[in-house]
Each structure stands twice: as structure tokens, then as C-alpha cells.
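Descriptive analysis of the structure
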Amino acid sequence: MFQFLLTHHEKITRTVKEVSGGVETLTESDDEEVASKIKEHVEWMQYRIKETNPIRMRDPLFAEIFRHTDKIKMEHVDTEKGVRVTETSDDPYVADLIRAHAKVVSGFVERGFAEAMKNHAIPGADAVQPKADRKPVISEYGSVVRLPNAVHQPRDGTKLMVDVTRGGDPAKLNSALEGVARYVNIYAGAGESPATVKIAVVFHGGATLAVLNDDAYRERFQTSVNPNLELLHELHEAGVDLTVCGQSLHSAGYQSSDVAVFVDTAVSALTAVVNLQADGYSYVPILK
């Protein structure tokens, strides 16, 4: 029924008048079939309000309305071409919900499926932007936004194996490292509550030389310092295990003594990845 009305939304007219505690709406159509469906739809919606039988619960506004059905009064009168509805509440907050819902329904009438595909904010909620109100573990890199009500929250005991192969401008921070910092900060403060996580990073391919100590890096790239070391050290201090592929390292002409002291050398990236996955780590590549 709802899809039928959305399909024929251009045949529907609607007016909304604010009244004390809510709205009065008039929804009509010159098409007899559409007018009949409007009346039937309102009957069902009044039943849903009375019995708290919700729809569109993924839409924040609809979900919030159906949490307060016990405070909503809904009356309707059929007209020749449709229905007049009065919907009110003695609770000011619920009255605001009713008015917001009326605007959304008017959007359905005006735009059809294009409006129905959107989520609709709870009144006042869009004025408060979500923010990371916990101090991030890595403060200068990998900023995140706290989303305490989102699905798939960070879980305690997660193990991530981050495969880093990306190279870049040797004079600048390897951008893959900021991605690793973001993973740390997500588990520390982006969800409803902090979650414990073990993160292991394996460097190989184009990312191999990002872990060289300052002396080796300076000699190789003619830079003043290795721009990656500061963040690498922060990741190490945050408990991230850092490992470089020994085969890639030696192929580039370097040894374990040429890497930063807090970076371990594996026989190969292959063995590191296989071993970590066997230990329950989930594989997360940073490809670009």
C-alpha cells in the first residue's frame, strides 16, 4: 500500500496545519483508487499507533515516534477524496516528533521514492554533531568520530593483521601509517565504549624502507630524518606490533640492524601473515 502511494505520489495533494500539540493534515487525490488507498493507509497507521506496531524502524525519526505511541492521539475523518487527520500529544517533545513526521510525509508526497530512501533525523539531533569525546590514543594522526549508536561496534579481543605494501614520497609520512593510527583510535574511542584490540602491522613491498632508522633512511633518500619514525614510535607505544619482511629488506640492500629498534624483522611477509592469521588475526590490507 505504501509503495503504491509512493508510485502515485504525483496524484496526491497534501496540506499541513500546525495546531496545539501537533498537526492537522489533509491528504487527498482526484484519482479514486489513490484516494481509497490514502484512506486505507491512514486506517492502518492509526492501528499501528494504537498497537505500537512499528514500520521503518531503521529510520531514526520513525523509530523514535514508535517509542512514544502511548503519548500520541490520532483522529481521522474521511473526506470525499481522502482523509483529514489530527495528530497531537500533550508531551512537547512528542508534539515535535509529530510535526517532524508530518513534514516527512509531505516529502513522500512531493518526491515519492526519492524521499522514502532517506533517513530522517530526530528533531534537534541534527544540531549536535557526533564527535570523539574520548582522547584518542594517537592524538595527531588518524582522527575518528564517535558513533555510539552505529551497528558493528568495536568488539573486545579483536585481532587485526594490517598488511602495508604502499610506498610514497620518501620526504613525507607514509599515508598507510595514518590508517593504522585510525584503527587504533577507532577501538579506543569511536564506539559506544572502548574495546581491547591487538594490532600487528607487516611491512613489505613499497613500504619496506619506511621502517629504516634515521641514519639508513637519510643515506638512502637524502632527507634530514625518516618522516615515519615519530608515528611508528607512537604506534609501538600504543601496543602495535611492527614487523618488516626480511626478504624485502635484504633485497633492498639492508639488514635488521638498519631498521628502527622497535620494529621486528620476520623471515618474510608470507610467514608473518600466515602465522598471524593462524593465531586468529583478521587480515586487513592497506592497498592505496
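Only a predicted model underlies this, so the values are computations on that prediction, with no experimental measurement involved.

1. A few points about the overall build of the chain
When helices and strands are counted, the chain shows 10 helices and nine strands. A compact globule built from 288 residues should have a C-alpha radius of gyration of about 19 Å, whereas the chain, at 29 Å, is more than 25% larger. Over its C-alpha atoms, taken along the principal directions, the chain stretches across nearly 85 × 40 × 35 Å. The buried share of the chain, reckoned over its 288 residues, is 42%. Carbon together with sulfur atoms contributes 50% to the accessible area of the chain, which is approximately 16000 Å² in total. Between the centroid of the 31 positive side chains of the chain and the centroid of its 41 negative side chains there is a distance of 2 Å.

2. Quick word on the nonpolar core
The biggest cluster of nonpolar side chains holds 34 residues, and the ones touching the most others in it are V201 and F203. For this core, the secondary-structure elements that each account for two or more residues are β5 (158-164), α6 (175-189), β6 (197-203), α7 (214-221), α8 (229-237) and β7 (241-245). A per-element tally of this core places α6 first, with six residues. Each residue touching V201, except ones within four places of it in the same chain, is listed here: V162, V164, V180, V240, D241, L242 and T243. In terms of nonpolar packing, the next biggest core, distinct from the first, is built from 29 residues, F4, F62, V94 and I98 among them.

3. Describing the environment of F62
Tracing the chain through its elements places F62 in helix α3 (residues 60-66). Judged by its relative accessible area of 4%, F62 is buried. F62 sits 42 residues away from V104 along the chain, and the two C-alpha atoms are 9.9 Å apart. When sequence neighbours within four positions are dropped, the list of residues in contact with F62 reads I55, R56, M57, H101, V104 and F108.

4. Here's the deal with the packing of aromatic side chains
Inspection of every chain in the model, using the stated rule, returns four aromatic pairs. Look at F2 and F108: their rings are 5.4 Å apart centre to centre, the planes differ by 70 degrees, and that puts the pair in the edge-to-face class. Here F108 lies in helix α4 (residues 92-111) and F2 lies in helix α1 (residues 2-7), a separation of 106 residues in the sequence. Given a relative accessible area of 28%, F2 falls into the partly exposed group. Seen from their ring centres, F62 and F108 are 6.3 Å apart, and the 25 degrees between their planes marks the pair as stacked. Note that F62 is positioned in helix α3 and F108 in helix α4, a separation of 46 residues in sequence. Taken together, F2, F62 and F108 form an aromatic cluster joined through their ring pairs. K37 extends its terminal NZ or CZ atom over the ring of F4, reaching a point 5.8 Å from the ring centre. One residue, R56, lies across the ring of F62, its end atom 5.0 Å from the ring centre.

5. Looking at the sheet that holds β7
If you walk across this open sheet you meet the five strands as β8-β7-β6-β5-β9, and the pairing is parallel. The sheet is open, and its two edges are formed by β8 (264-266) and β9 (282-286), each paired on a single side. Between one strand and the next, the sheet's axes are offset by a mean angle of 30 degrees, whatever the strand orientation. Pairing geometry for β5 and β6, over seven bridges, is parallel. Paired with K159 across the two strands is K198, which belongs to β6. Helix α10 (residues 269-278) contacts β5, β6, β7, β8 and β9 of the sheet and is inclined by roughly 160 degrees relative to β6.

6. Concerning α8
Residues of α8 that are buried: L229, L231, L232 and L235. On an axial view of α8, the arc spanned by its buried residues comes to 165 degrees, and they lie on one face. Turned more than 90 degrees away from the buried face of α8 sit E230 and E237, all of them exposed. Looking at the buried side of α8, the elements it contacts are α6, β6, α7 and β7. Positive backbone phi, at 95 degrees, marks G239, one or two positions downstream of α8.

Thresholds, definitions, all that
- Residues numbered from 1 in each chain as written.
- Predicted model: local features only at pLDDT ≥ 70, side-chain atom pairs only at ≥ 80, totals over all residues.
- Heavy atoms only, no water.
- Helix = DSSP H or I, 4+ residues; strand = E, 2+ residues; numbered from the N terminus.
- Rg over C-alpha atoms; globule rule 2.2 N^0.38 Å.
- Buried < 20%, exposed > 50% of the residue type's maximum accessible area, 1.4 Å probe, protein only.
- Areas by Shrake-Rupley, 256 points an atom, 1.4 Å probe, with all protein chains shown as cover.
- Lys, Arg positive; Asp, Glu negative; His and termini not counted.
- Charge placed at Lys NZ, Arg CZ, Asp CG, Glu CD.
- Core = buried A, V, L, I, M, F, W, Y, C linked by side-chain atoms within 4.5 Å.
- Contact = heavy atoms within 4.5 Å.
- Phe/Tyr/Trp six-rings, centres within 6.5 Å; stacked < 30°, edge-to-face > 60°.
- Lys NZ or Arg CZ within 6 Å of the ring centre and 35° of its normal.
- Pairing = 2+ DSSP bridges.
- Axes fitted to C-alpha atoms, helices over the stretch in contact; angles between N-to-C directions.
- Arc of directions from axis to C-beta.

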